[in-house]
Amino acid sequence: TVAITGSRSNGTYTPSSDIDIDLLCSKDIFDSVQRQLLNAGLTSCVDRSYYELSHSISREYFGSELGRPHFSITPLETIQSQFMNYEDVPLWIWTNALTIQDPNHQLYNIVH
């Protein structure tokens, strides 16, 4: 599942706002991707799930005006747990997310 969160998803962005891209997957896929990123030297911790594009890539593809795009990888099981535990900030984030792609309505089924 791919979603946009933050100001871009709820219409409060400015021309210089960043872009919050969220990749949602099963815990097994999350663990595999994190191990591969660690082995490639792209992260220093398998628990980290937040990544920023480099300044040069960001400027090349998005220009210098736009805030630096970044993405996170989150297990769908984590989001489900956040809803079950009524964690208010994650509930706000995920209910206001702009879903780009949601195979089998995975995020939709958690949020609704």
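Thresholds, definitions, all that
Residues numbered from 1 in each chain as written. Predicted model: local features only at pLDDT ≥ 70, side-chain atom pairs only at ≥ 80, totals over all residues. Heavy atoms only, no water. Pairing = 2+ DSSP bridges. Helix = DSSP H or I, 4+ residues; strand = E, 2+ residues; numbered from the N terminus. Axes fitted to C-alpha atoms, helices over the stretch in contact; angles between N-to-C directions. Contact = heavy atoms within 4.5 Å. Core = buried A, V, L, I, M, F, W, Y, C linked by side-chain atoms within 4.5 Å. Buried < 20%, exposed > 50% of the residue type's maximum accessible area, 1.4 Å probe, protein only. Salt bridge = Lys/Arg side-chain N within 4 Å of Asp/Glu carboxyl O.

Enquirer: When you look at the sheet that holds strand β4 (residues 70-75) in this model, what are you seeing that I'm missing?
Expert: What links the strands of a sheet is backbone hydrogen bonding, and the strands pair in either a parallel or an antiparallel sense. Read across the sheet, 5 strands follow the order β3-β4-β2-β1-β5 without closing on themselves; strand pairing throughout is mixed. Every other strand in the sheet has two partners, leaving β3 (50-52) and β5 (98-101) as the edge strands with one partner each. Here the strands of the sheet are splayed against their neighbours by 25° on average, with no regard to which way each runs. With 6 bridges connecting them, strand β2 (residues 20-25) and β4 associate as parallel partners. Bridging across to β4, Asp22 finds its partner in Ser72. Of the strands in this sheet, β2, β3 and β4 are in contact with helix α2 (residues 27-39), which crosses β4 at around 135°.

Enquirer: Can you help me understand the nonpolar core in this one?
Expert: One finds Ala3, Leu24, Leu76, Ile79, Phe83, Leu91, Trp94, Ala97, Leu107, Ile110 and Val111 forming the largest nonpolar core, which totals 11 residues. Apart from the residues lying within four places of it in its own chain, the contact partners of Phe83 are Leu91, Trp94, Thr95, Ile110 and Val111. Of all hydrophobic cores here, the second largest spans 5 residues; its members include Cys25, Leu37, Tyr51 and Ile73.

Enquirer: Sorry if this is basic, but what is going on with unusual backbone geometry here?
Expert: Leaving glycine aside, a negative phi is the common case for residues, and trans is the common case for peptide bonds. Non-glycine residue Tyr86 carries a positive phi angle of around 50°. Secondary-structure assignment places Tyr86 in the loop between α4 (76-84) and α5 (88-95). Accessibility expressed as a relative area gives 67% for Tyr86, which makes it exposed. A positive phi angle, close to 60°, is found at Asn104, a residue other than glycine. Residue position: Asn104 is located in the loop between β5 and α6 (106-111).

Enquirer: What should I look at first to understand the pattern of salt bridges in this one?
Expert: When the charged atoms of two side chains lie near each other, side chains of opposite charge can form a pair. Under the criterion given, the structure shown has 1 salt bridge. Across the pair Lys27 and Asp31 runs a salt bridge whose closest N-O atoms are separated by 2.7 Å. With Lys27 and Asp31 both in helix α2 and 4 residues apart, the pair spans about one turn of that helix. The class for Lys27 is partly exposed, based on a relative accessible area of 37%. Asp31 sits in the partly exposed class, given a relative accessible area of 24%.

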